Amino acid sequence: MIPARLLLAAWAAIASAATAQVPSTVPAPPAAQSAVPDPMVVNKLIWSAMAALDQANQTGNYSVLRDLGAPGFQSGSSVETLGTVFQALRSRKLDLGNTLLVAPNLQIPPTIVQGGLLRLRGAFPLRPVPIGFDLLFQNISGQWRIFGIAVAPIVLPAPQSGSTKP
């Protein structure tokens, strides 16, 4: 398991990038739509976002990822912009498909944030490179759709030289 302090350090940039996309003009949804979904739906949302990003990275075509998004995500993210945003991840050739094989570890409980957006933040404990995520979803007509997505490998500190395990 990844220590919480390492996740916190790795997520400072990702969290600020994902939450920076939350405009203050997003209207609050009706009360029935703003409830946090059950754990099965939460996992499905995470895995679906990871599958869409994995396929986009494999093909270099981000149109489906964009089309799965909420209207605010679509209007603020062109296919070209998404390609640029995920260039570094794509160039590392990380197989995000492996995230579909393990349960995500949520760093914070699923939370409804500003504007009624659902925030899901955590990591997949993959070896040798854990994958972290910070996702925002907007409820559109009863369906949660991507509003913001940040995914990155978590760089673990190198072991100190000369240290020994007890």
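Just above, that's the structure.
Residues numbered from 1 in each chain as written. Predicted model: local features only at pLDDT ≥ 70, side-chain atom pairs only at ≥ 80, totals over all residues. Heavy atoms only, no water.

### Some points on the pattern of salt bridges
Considering all chains together, one arrives at two salt bridges under this definition. A salt bridge links Arg66 to Asp67; the nearest nitrogen and oxygen atoms lie 3.7 Å apart. Exposure remark for Asp67: the relative accessible area of 44% places this residue in the partly exposed category. Residue Asp134 pairs with Arg119 through a salt bridge whose shortest N-O separation is 2.6 Å. Residue Asp134 is located in strand E4 (residues 131–140), and its partner Arg119 is located in strand E3 (residues 117–124); the two are separated by 15 residues in the primary sequence. For the pair formed by Asp134 and Arg119, the shared burial category is buried. (Salt bridge = Lys/Arg side-chain N within 4 Å of Asp/Glu carboxyl O. Buried < 20%, exposed > 50% of the residue type's maximum accessible area, 1.4 Å probe, protein only. Helix = DSSP H or I, 4+ residues; strand = E, 2+ residues; numbered from the N terminus.)

### Focus: the packing of aromatic side chains
Using the criterion set out here, one finds two aromatic pairs in the structure. A centroid spacing of 6.3 Å and a plane angle of 10° characterise the contact between Tyr62 and Phe86, whose relative ring orientation is stacked. Note that Tyr62 is positioned in the loop between helix H2 (39–59) and helix H3 (63–67) and Phe86 in the loop between helix H5 (79–85) and helix H6 (87–91), a separation of 24 residues in sequence. Here Tyr62 falls in the buried class, since its relative accessible area comes to 1%. Taking 5.4 Å as the distance between ring centres and 45° as the angle between the ring planes, the aromatic pair formed by Phe124 and Phe133 counts as tilted. With respect to class, Phe124 is no different from Phe133; both count as buried. (Phe/Tyr/Trp six-rings, centres within 6.5 Å; stacked < 30°, edge-to-face > 60°.)

### What to know about the side chain of Ser77
Checked against the element boundaries, Ser77 lands in the loop between helix H4 (71–76) and H5. In this structure, Ser77 is in contact with Arg66 and Leu82, ignoring residues within four places of it in sequence. (Contact = heavy atoms within 4.5 Å.)

### Brief notes about the layout of surface pockets
Here the second largest pocket defines a volume of roughly 270 Å³. Put simply, the parts of the chain that give the lining of the second largest pocket at least two residues each are H2 and strand E5 (143–153). When residues of the lining of the second largest pocket are assigned to their parent elements, the largest contribution, five residues, is made by H2. When grouped by side-chain class, the residues that make up the lining of the second largest pocket number seven nonpolar, two polar and three charged. (1 Å grid on protein atoms, 1.4 Å probe; cavity = no way out; pocket = protein on both sides within 12 Å on 5 of 7 lines; lining within 4 Å. Points joined across faces, edges and corners; volume = space filled by probe spheres on them. Nonpolar A, V, L, I, M, F, W, Y, C, P; charged D, E, K, R; others polar.)

### Topic: H2
For H2, which comprises 21 residues, the first-to-last C-alpha distance of 30 Å matches the rise-based estimate of 30 Å (1.5 Å per residue) to within 8%. Listed in full, the buried residues belonging to H2 are Val42, Leu45, Ile46, Ala49, Met50, Ala51, Ala52, Leu53, Asp54, Ala56 and Asn57. Of the surrounding elements, those touching the buried residues of H2 are H3, H6, strand E1 (105–106), E3, E4 and E5. Where H2 begins, the side chain of Asp38 points an oxygen toward the backbone nitrogen of Met40, at a separation of 2.9 Å. The first or second residue beyond H2 is Gly60, which carries a positive phi of 75°. (Expected span 1.5 Å × (residues − 1). Polar contact = N/O pair within 3.5 Å; in protein donor to acceptor, adjacent residues only side chain to side chain.)

### Digging into the nonpolar core
Among the nonpolar cores identified, the biggest contains 27 residues, and Leu53, Leu65, Leu120, Phe137, Ile149 and Val151 are the most heavily contacted of them. Looking at this core element by element, the count peaks at eight residues for H2. Excluding its chain neighbours within four sequence positions, the residues that come into contact with Leu53 are Tyr62, Leu65, Phe86, Leu89, Leu96, Ile149 and Val151. (Core = buried A, V, L, I, M, F, W, Y, C linked by side-chain atoms within 4.5 Å.)

### Concerning unusual backbone geometry
In the segment running from Arg127 into Pro128, the intervening peptide bond is cis, with an omega of 5°. Note on placement: Pro128 falls in the loop between E3 and E4. Phi at Lys93 takes a positive value of approximately 55°, unusual for a residue other than glycine. Here Lys93 lies in the loop between H6 and E1. Take Lys93: its relative accessible area is 72%, and that puts it in the exposed class. One non-glycine residue with positive phi stands out, namely Ser141, at about 50°. You can see Ser141 is positioned in the loop between E4 and E5.

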